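Listed below are the residues making up each chain.
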Amino acid sequence: MAEAADFHGMTPSPARRRLRRTGALLAGAPVLATLALFGGSPAGAAPQTPAADAIGTSTVDVAVNSLTPSAPVDGDTVTVTGTLKNDGKQTVNNAHVALRVGSVLGGRASIDAASRHAAGGLPDGREIGGKYAEKISKLAPGSTQTFSLSVPVKELNLGADGVYRLGVALTGQTAIRPYPQTLGIQRTFLPWQPQAAGTKTKTAFLWPLISQTHLTAETGSDEQQTRVFHDDSLAKEIAPGGRLQQMLALGTPLDVTWVIDPDLLASVDAMTRPYRIKQPDGTEVAGKNQAVAKQWLNDLKNAVADKKVVALPFADPDLASLAHNGTKVTGSLGHLKDATDAATTTVETVLHVKPDTSYAWPADGAIDPSIVNVATSAGADTVIARSDSLQERSGLTYTPSAARPIGSGTTAVVADARLSGAFEGDMTGAENSTLAVQQFLAQSLMINLQEPDNERSIVVAPQRMPSASQAQSMAQAIKAEQDSDWSESQDLAAATKAKPDPRAMTRVPSSRYYPSSLRKQELPRSAFEAIQDTQNKLTNFQVILTYPSRVVTPFGRAMDRQMSTSWRGHPTEARAFRDGVADYLTSLTKRVRLIEKSEAKLSGRSATIPVTVQNNLVQGVEHLVLRLTSTNGTRLKIGNGPYDEQRLKIAGGHSQSVKFTTTSNANGRVPVFAQLYTDDGQPYGPEVRFDVNVTEITPTVMLVMAGGVLLLVLAGFRMYTQRKRAAVQRAEEGPDDGPNGESGPESGEDDPEQPSDPTPDTAPESSDPSGTGERVDR
């Protein structure tokens, strides 16, 4: 037998029920003792005598595992099956188990109260005994026995339309109490609407297809950019029997509105092609579930072909976290707009349907003004809230329609909290599931009975990621409701457009009413700061890429995933995911880098210094500038000043050596810095420092230089003596007459060079940069 979890609207577990029974007995002991002492009974009460209605030790746990039909009509036979377990120390003898029909309940609050006291206490209502009871001759301590009771509806003597309490009670006796007594009871609800209601309630049920984050930011270097998954858990979810496969199979025949996270579609779509799975040790293996992914997507396409599809922003961002903590970080809201745009593209690409992206769904439907502002900032004009957040005025005696205008052109679709939360517990056991279904139908019928002539539109928004067993219970309840005579289905869009009730609450509660339990689960401000830091790095990185979309798209979606609502309650995993995205981006940016240099030695006045840039990315990089800067522009010039720059364009998987011209005016060591910059002047990567050492002129070089000077001096002296000797000789011989008898110029006076002048033995000094043959040590 299933043990119910402690949550609103669910039956306590057997252990908790036994505890309450014991408490009731202890609480009643003083009263019984007083009555015995005075030999009387409470006023108006019959004397306490052994009878079938006497309360016993309540040590037999009664579990109702099925009730069919869930909402009977005239001519039906109600069948209840379950189990009995003797948790006491005495054998139960001469027992029988039978149905008990209680009184009709008066409203939704009475259903809540009855659900809190579903087990134990005094039996109520009339027993449907005789041939409709099942005899239990003996039930030993610790033993379990099944039962099945079938009673025609007419034998239940149900009266007016309404919700009736239906109990299953075990009556028997033990050795120490040898008289008939109720030893165990379990109560549930029986909705009774034998004829079609004059005005039916219109109900929209949201059917969410949402999962955890499965994809990493990493992609392969191949053209298809093979995706890498954290693990293979998504394959288990979409495989036969998995949670998402069950959600798809159960939702297909139902009239529901599909609410889909596009990230789930993108992830499954990536699995239809070759993909990789990251292992705990950091290695990767090939995924093998392409066939499963293709089948699930094909089934989903068929299921939604003619249905309304509501697409949440990509990765289902946590709107409350963004509103309370993210808006304080510059740029955070921009991610929500990107996620909304990506939602439309993804759904249309994968499912080939146009989704409705006008809805925002905060966690648990809890809202405040800041959440509404953020939710509508990316284009949504309808917020899916819940009635326990947007509570009604105390004077309203019925459940109003879901649609509420809340100002600024925004509509709040207020889902019913009781119906929405009916299946949030442990539904793995048949008992819990049966009780939840009956309670859901009871609340649904009671809504219609509140205002039978007032047509209303109700919305049911269940938990975001129901388990497989929860989905099965939900589907059973929805089918029973859609087959009932008091409700008819509609889609979310119709519920949104329904005429609002003028008496319904339209004022959004202030932030101080936001549940503290939900606030504790929010992403902190530091998370949004980390996301923005990653975005800044991505922005700086993408400008140098030849094909930026290969990086921008996967990282953009990865940053959407960092804001997902699914991280609520998982802060450690959320931080690890953020760190993983940031670390991977850092590893990519480091693949474009400057190669470290050792000291460069210059033995001349000028030289070229090579600096190497390496690109280990698959794609090429461009729009990069390499700047080489001297810390002492007087001693060592780079180009014509303290620094020089050169633009780069490097193919993928290649390196490029860039040469800078340097001029030295003095010996000594000068620190030099190399730094990459993007076109917009932003530094890219760390700078590289190395020293340029201009060495002093060596003795050998000095001798060579001195010899050269001496030769020049000797050549000049020789020219001088030769000219002087020639002048003396001409003076002794006298001047020569020209052809016309005129004296001509002195021989050789205007000649630019005498035949006897020596040829210069050094080339003229060049201002051009030194050749590459100069010695530069790195």
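In case you missed it, the structure is sitting above this.
Residues numbered from 1 in each chain as written. Predicted model: local features only at pLDDT ≥ 70, side-chain atom pairs only at ≥ 80, totals over all residues. Heavy atoms only, no water.

1. Some remarks on the sheet that holds strand β28 (residues 654-664)
The four strands lie next to each other as β22-β24-β28-β26, forming an open sheet whose pairing is antiparallel. Edge strands, defined here as strands with exactly one partner in the open sheet, are β22 (592-594) and β26 (636-638). Each neighbouring strand pair of the sheet contributes to a mean axis angle of 30°, computed without reference to strand direction. The pairing of β26 with β28 spans three bridges and is classified as antiparallel. Each residue of the ladder has a partner; that of L636, found in β28, is S664. (Pairing = 2+ DSSP bridges. Helix = DSSP H or I, 4+ residues; strand = E, 2+ residues; numbered from the N terminus. Axes fitted to C-alpha atoms, helices over the stretch in contact; angles between N-to-C directions.)

2. Details of the sheet that holds strand β10 (residues 215-219)
Think of a sheet as strands paired side by side through backbone hydrogen bonds, with each pair either parallel or antiparallel. In spatial order, the strands read β10-β11-β13-β14; together these four strands make up an open sheet with mixed pairing. What marks the edges here is a single partner per strand, and that holds for β10 and β14 (284-286). Pairwise comparison of adjacent strand axes, ignoring direction, gives a mean angle of 35° for this sheet. Where β10 meets strand β11 (residues 227-229), two bridges bridge the pair, whose relative direction is antiparallel. Note on β11: the bridge partner recorded for T219 is R227. Along the sheet face, helix α6 (residues 262-271) touches β10, β11 and β13 (275-278) and points at about 110° away from the line of β11. (Contact = heavy atoms within 4.5 Å.)

3. Remarks on the pattern of salt bridges
Side chains that differ in sign of charge can pair as their charged atoms come close. Under the counting rule described, the total for this entry stands at 29 salt bridges. Across the pair R386 and E424 runs a salt bridge whose closest N-O atoms are separated by 3.6 Å. You can see R386 sitting in strand β17 (residues 382-386) and its partner E424 sitting in the loop between α11 (417-420) and α12 (430-450), a full 38 residues away along the chain. Note on R386: relative accessible area 13%, which makes it buried. When its relative accessible area of 37% is taken as the criterion, E424 is described as partly exposed. In this structure, the salt-bridge partner of D560 is R557, at a minimum N-O distance of 2.9 Å. With D560 and R557 both in helix α17 (residues 549-561) and three residues apart, this pair spans about one turn of that helix. Comparing D560 with R557 shows no difference in burial state: the two are buried. Here the residues in one salt-bridge network are E218, R276, K278 and E284, joined through shared partners. (Salt bridge = Lys/Arg side-chain N within 4 Å of Asp/Glu carboxyl O. Buried < 20%, exposed > 50% of the residue type's maximum accessible area, 1.4 Å probe, protein only.)

4. Some points on α17
An ideal rise of 1.5 Å per residue puts 18 Å on 13 residues; α17 measures up with 18 Å between its terminal C-alpha atoms. Taken residue by residue, α17 has V551, P554, F555, G556, R557, A558, M559, D560 and R561 as its buried positions. Close packing links the buried residues of α17 with β10, β11, α6, α9 (332-351), α16 (525-542) and α18 (571-589). (Expected span 1.5 Å × (residues − 1).)

5. A word on the pairing of strand β9 (residues 201-209)
Of all nine residues in β9, eight are buried, a share of seventy percent or more. In terms of strand pairing, β9 meets strand β21 (residues 487-489) through three bridges, oriented parallel. Residue K202 lies in a different strand from β21, and its bridge partner there is E488. One ladder, built from four bridges, connects β9 with strand β20 (residues 457-460); its direction is parallel. Bridging across to β20, T203 finds its partner in I458.

6. Thoughts on the side chain of T662
Checked against the element boundaries, T662 lands in strand β28. On the accessibility criterion, T662 (0% relative accessible area) is buried. Excluding anything up to four places from it in sequence, T662 contacts L602, R605, S606, A607, I609, L636, K637 and I638.

7. Section: the environment of T346
With respect to the helices and strands, the residue T346 is situated in helix α9. Classification of T346 by relative accessible area gives buried; the value is 13%. Once the C-alpha coordinates of T346 and A266 are considered, the two residues, 80 residues apart in sequence, prove to be 6.7 Å apart.

8. Here's the deal with the nonpolar core
F541, F555 and L626 are the most contacted members of the largest nonpolar core, which totals 74 residues. Once residues within four sequence positions are removed from consideration, F555 is found in contact with A217, L538, V581, Y584, L585 and L588. Listed in part, the 62 residues of the second largest apolar core include V268, V437, V460 and W486. (Core = buried A, V, L, I, M, F, W, Y, C linked by side-chain atoms within 4.5 Å.)

9. Things to note about α16
One turn of the α-helix equals 3.6 residues, which is why residues spaced by three or four share an orientation. The end-to-end C-alpha distance of α16, which contains 18 residues, comes to 26 Å, matching closely the 26 Å that a straight helix rising 1.5 Å per residue would cover. All of the buried residues in α16 are A527, F528, I531, Q532, T534, Q535, L538 and F541. Here the buried face of α16 lies against α8 (319-326), α9, α17, α18 and β30 (683-694).

10. What to know about the side chain of Q225
Within the fold, Q225 resides in the loop between β10 and β11. According to the relative accessible area criterion, Q225 is buried, its value standing at 17%. Polar contacts involving the side chain of Q225 include one to the main-chain carbonyl oxygen of R550, which spans 2.6 Å. Apart from the residues lying within four places of it in its own chain, the contact partners of Q225 are T219, G220, R550 and P554. (Polar contact = N/O pair within 3.5 Å; in protein donor to acceptor, adjacent residues only side chain to side chain.)

11. Considering the packing of α9 against α17
Two quantities define a packed helix pair, namely the angle between the axes and the distance from one axis to the other. At their nearest, the axes of α9 and α17 sit 10 Å apart, and the two run at 110° to each other. One way to sum up the angle between α9 and α17 is to call them roughly perpendicular. In this structure, the crossing between α9 and α17 has a hand that is left-handed. Touching H335, D338, A339 and A342 of α9 are R557, M559 and D560, all from α17. (Parallel < 35°, antiparallel > 145°, perpendicular 65-115°, else oblique. Left-handed = near helix turned anticlockwise from the far one by under 90°.)

12. Focus: the packing of aromatic side chains
Tallied over the full model, the rule gives seven aromatic pairs. With centroids separated by 5.5 Å and ring planes inclined at 40°, the aromatic side chains of F423 and F440 adopt a geometry described as tilted. Taken together, the residues F423 in the loop between α11 and α12 and F440 in helix α12 connect sequence positions 17 residues apart. One aromatic cluster is present, built from ring pairs that chain together F205, W207, F423 and F440. The cationic tip of R557 hangs over the ring face of F314; the distance from NZ or CZ to the ring centre is 5.5 Å. Note that R627 overlies the ring of Y677, its terminal NZ or CZ placed 4.5 Å from the centroid. (Phe/Tyr/Trp six-rings, centres within 6.5 Å; stacked < 30°, edge-to-face > 60°. Lys NZ or Arg CZ within 6 Å of the ring centre and 35° of its normal.)

13. Brief notes about the environment of V459
Structurally, V459 can be placed in strand β20. A residue is classified by how much of its surface remains accessible, and V459, at 0% relative accessible area, is buried. Leaving out residues up to four positions away in the same chain, V459 has contacts with A204, L206, A402, V413, A415, D416, S420, L492 and A495.

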